[in-house]
Amino acid sequence: MSHINTALIHQGRESATKSLSVNPPLVRASTTVFSDLSAFKASYSGKTFETARYGRTGTSTTFDFQSAMAAISHTESCIATSCGLSACTAVISAFASSKKKIILQRNIYGPVTTFAENELKKRGVHIEYFESTQELERIITPNTTLIFIEIPTSLTMKLLDVSAVANIASKHSIPLACDATWGTPLFFDAHQLGINITIHAVTKYINGHSDVMLGAITGTYAALEKVRIFSERHGNFAAPDSCWLALRGLRTLSVRLARHQENSLFVANFLQNQLQVKDVFFPALPTSPYYDLWRKQFSGAAGPFTIELVSCSEVQFENFINSLELFSLGTSWGGFESLVMPAIAHDLRGKYVLPNDNRLVRLHIGLEDKLDLCDDLANALNMLTDEKDI
Ligand SMILES: *Cc1c(COP(=O)(O)O)cnc(C)c1O
């Protein structure tokens, strides 16, 4: 099975063959029972998170999901976790200890930075940030244990040259981890680009139906060793129900992403030509400073991107957001439906932080008709030039 579209359909159905159904049965369990003592003992010689031992290590449903994720990611192994954030924090924690340094890319998913700043620093872990490969070279020290990146960065949509970062990491023998949620394994072949540990918020596109929280960490058995031990000790595991739903989402990932891509490019192009839109931050647009890097590293473009509106009053901005009908106001993305959200950093969301000249909005382009989405946006954009509200 050399093509990913075939793997999306046929992988992760191991337990289905035994139940004579197309789909694997949903197996919920706290307790695993063994036929005899030797089977019990054998379960402890197997790999955690791939061996039925106790509900926490997973059931056949979990293992089916994990094997499908590993296969479509062109690697050996996958650990399913409770959500995308717990996948990120498990990877970082597994490499963190007092007086060691973890290097994070700047502007990555906000809650990951919040975790590092609040939970790791107080335990004596050194945290440093970088934006360019030159900056990365400068801050690497012999006590650096992990480099963590996200591609593209949440909200700001910046791309790094991943191969260049991977070369630097491997020259210093430091593992490289990457949150690759946006591209999914379908559009972004992370391990082939030299990333050792890849993280996906399955919550987003892979499940794709806005009804599951789930994370996945992929890599070789060796690369995931520390993460596996950390997750086992912390009881970080995924519910079989979530894995079952995510497997169902996986089957249609490629057709959904094709439509997300078509719609996103269409809507982004439309927005670029609107008077009320100052800038569109989307690496798949030829005008993006990251366009060449995107073409080199991705085989497609997903649905969320950020736009900058022209300067407007608070009331006009509110009217713009509130008058959208097809775009619901919500913070997630990756589902079938379009979403809008003010692109405010996570730690600032409850506060008043909308300076007049910086109106950033994150859109997730869903599977609706692209012309209807443009009409909806055009109507709402009119609110920004509505004189009576200035
Ligand atoms: C949503 C998201 C996460 C967190 O995933 P949850 O399942 O919501 O915890 C992590 N990284 C990125 C890039 C995300 O967009």
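None of these values were measured; they are calculated from a predicted model.

Undergrad: Tell me what's going on with the site of the ligand, and back it up with residues and numbers.
TA: Near the ligand you find 13 residues, and of these G84, L85, D179, T203 and K204 are the closest. Here an oxygen atom of the ligand sits 2.5 Å away from a polar atom, N or O, in the side chain of T203. For the ligand, whose free accessible area comes to 380 Å², the fraction covered by protein is 92%. Taking a 2 Å distance to the grid points as the criterion, the majority of the atoms of the ligand fall inside the second largest pocket. Here the residues of the shell around the ligand are counted per class, giving 6 nonpolar, 4 polar and 3 charged.

Undergrad: Got a sec to walk through the sheet that holds strand 1 (residues 77-81)? Specific residues and values, please.
TA: Each strand in a sheet pairs with another by means of backbone hydrogen bonds, the pair being arranged parallel or else antiparallel. Ordered by their spatial adjacency, 7 strands build an open sheet running 1-7-6-5-4-2-3, and the pairing between neighbours is mixed. Each end of this open sheet is capped by a strand with a single partner; those strands are strand 1 and strand 3 (126-130). Neighbour-to-neighbour, the strand axes of the sheet open up by a mean angle of 20°, direction not taken into account. For strand 4 (residues 144-150) and strand 5 (residues 176-179), the ladder comprises 4 bridges, and the chain directions are parallel. Across the sheet, residue I147 finds its bridge partner in strand 5, namely L176. Across the face of the sheet, helix 6 (residues 110-120) comes into contact with strand 2 (101-105), strand 3 and strand 4 while running at roughly 150° to strand 3. On the sheet, helix 8 (residues 162-171) packs against strand 4 and strand 5 and is oriented at approximately 175° with respect to strand 4.

Undergrad: Any details on unusual backbone geometry? Residues and values, ideally.
TA: The linkage connecting I151 with the following residue, P152, adopts the cis geometry, with an omega of -15°. As for its placement among the helices and strands, P152 is situated in the loop between strand 4 and helix 8. The phi dihedral of N107 is positive, around 70°, even though this residue is not glycine. Summarising the element assignment, N107 is placed in the loop between strand 2 and helix 6. For N107, a relative accessible area of 35% corresponds to the partly exposed category. Although it is not a glycine, L155 adopts a positive phi angle of roughly 65°. Here L155 is to be found in the loop between strand 4 and helix 8. Overall, the relative accessible area of 15% leaves L155 in the buried class.

What counts, and where the lines are drawn
- Residues numbered from 1 in each chain as written.
- Predicted model: local features only at pLDDT ≥ 70, side-chain atom pairs only at ≥ 80, totals over all residues.
- Heavy atoms only, no water.
- Near = heavy atom within 4 Å.
- Polar contact = N/O pair within 3.5 Å; in protein donor to acceptor, adjacent residues only side chain to side chain.
- Areas by Shrake-Rupley, 256 points an atom, 1.4 Å probe, with all protein chains shown as cover.
- 1 Å grid on protein atoms, 1.4 Å probe; cavity = no way out; pocket = protein on both sides within 12 Å on 5 of 7 lines; lining within 4 Å.
- Sits in = over half its atoms within 2 Å of the grid points.
- Nonpolar A, V, L, I, M, F, W, Y, C, P; charged D, E, K, R; others polar.
- Pairing = 2+ DSSP bridges.
- Helix = DSSP H or I, 4+ residues; strand = E, 2+ residues; numbered from the N terminus.
- Axes fitted to C-alpha atoms, helices over the stretch in contact; angles between N-to-C directions.
- Contact = heavy atoms within 4.5 Å.
- Buried < 20%, exposed > 50% of the residue type's maximum accessible area, 1.4 Å probe, protein only.

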